[in-house]
Amino acid sequence: MWYAIVGTDNADSLERRTSVRPAHLERLHALRDQGRLLLAGPFPAIDAEDPGPAGFSGSLIVAEFDDLAAARAWADADPYVSAGVYREVSVRPFRKVLP
C-alpha cells in the first residue's frame, strides 16, 4: 500500500538539511530502484522553485510499504529525523486515484 510521509522542518534547519541531504537522497533512490517510490520532494519556504536562504518548510514522500508500521519505521530512520531537520513527521495511508 502507498503511504504519505510528511516531514515538517524545524525553524532554521537549512544547514542541517543540506549536510545530511546525500544520505536522505540515498534512501529515496533505494525506494525508487525497488519501484516503491511514487514521488518525493521538499516544500519551499517561499513561492519559488529555488528558495535560496529561505530554505524549506518540510517534505512529502509517497512510497509503498507492507504496512503502516513499516512506513513509520522507515520514516523514523530518515537522516532528516536524526539530524533534527524535522520537528514532526506524520505517516498516513494514501490511496492513489489519479493519474
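Residues numbered from 1 in each chain as written. Predicted model: local features only at pLDDT ≥ 70, side-chain atom pairs only at ≥ 80, totals over all residues. Heavy atoms only, no water.

Caption draft 1: Expanded view of the pairing of strand β1 (residues 2–9). Across 7 bridges, β1 lies against strand β3 (residues 56–64) in antiparallel orientation. Each residue of the ladder has a partner; that of G7, found in β3, is S59. Examined bridge by bridge, β1 and strand β4 (residues 86–94) share 8 bridges and lie antiparallel to one another. Each residue of the ladder has a partner; that of W2, found in β4, is F94. (Pairing = 2+ DSSP bridges. Helix = DSSP H or I, 4+ residues; strand = E, 2+ residues; numbered from the N terminus.)

Caption draft 2: Here's a closer look at the sheet that holds β3. Taking strand neighbours across the sheet as the criterion, the 4 strands line up as β2-β3-β1-β4 in an open arrangement whose pairing is antiparallel. Whereas interior strands pair on both sides, the edge strands pair on one side only; in this sheet they are β2 (37–44) and β4. Strand after strand, the sheet turns through a mean of 10° between neighbouring axes, direction not considered. Direction of pairing for β2 relative to β3: antiparallel, over a ladder of 7 bridges. Directly across from L37, in β3, lies its bridge partner A63. Where helix α1 (residues 14–33) meets the sheet, its contacts fall on β1, β2, β3 and β4, and the angle it forms with β3 comes to roughly 10°. Along the sheet, helix α2 (residues 68–76) makes contact with β1, β3 and β4, crossing β4 at roughly 155°. (Axes fitted to C-alpha atoms, helices over the stretch in contact; angles between N-to-C directions. Contact = heavy atoms within 4.5 Å.)

Caption draft 3: Fine view of the side chain of R27. Within the secondary structure layout, R27 lies in helix α1. Dropping the residues within four chain positions of it, R27 is found in contact with W74, A77, D78 and P79.

Purely geometric stuff here, so don't read any function into it on its own.
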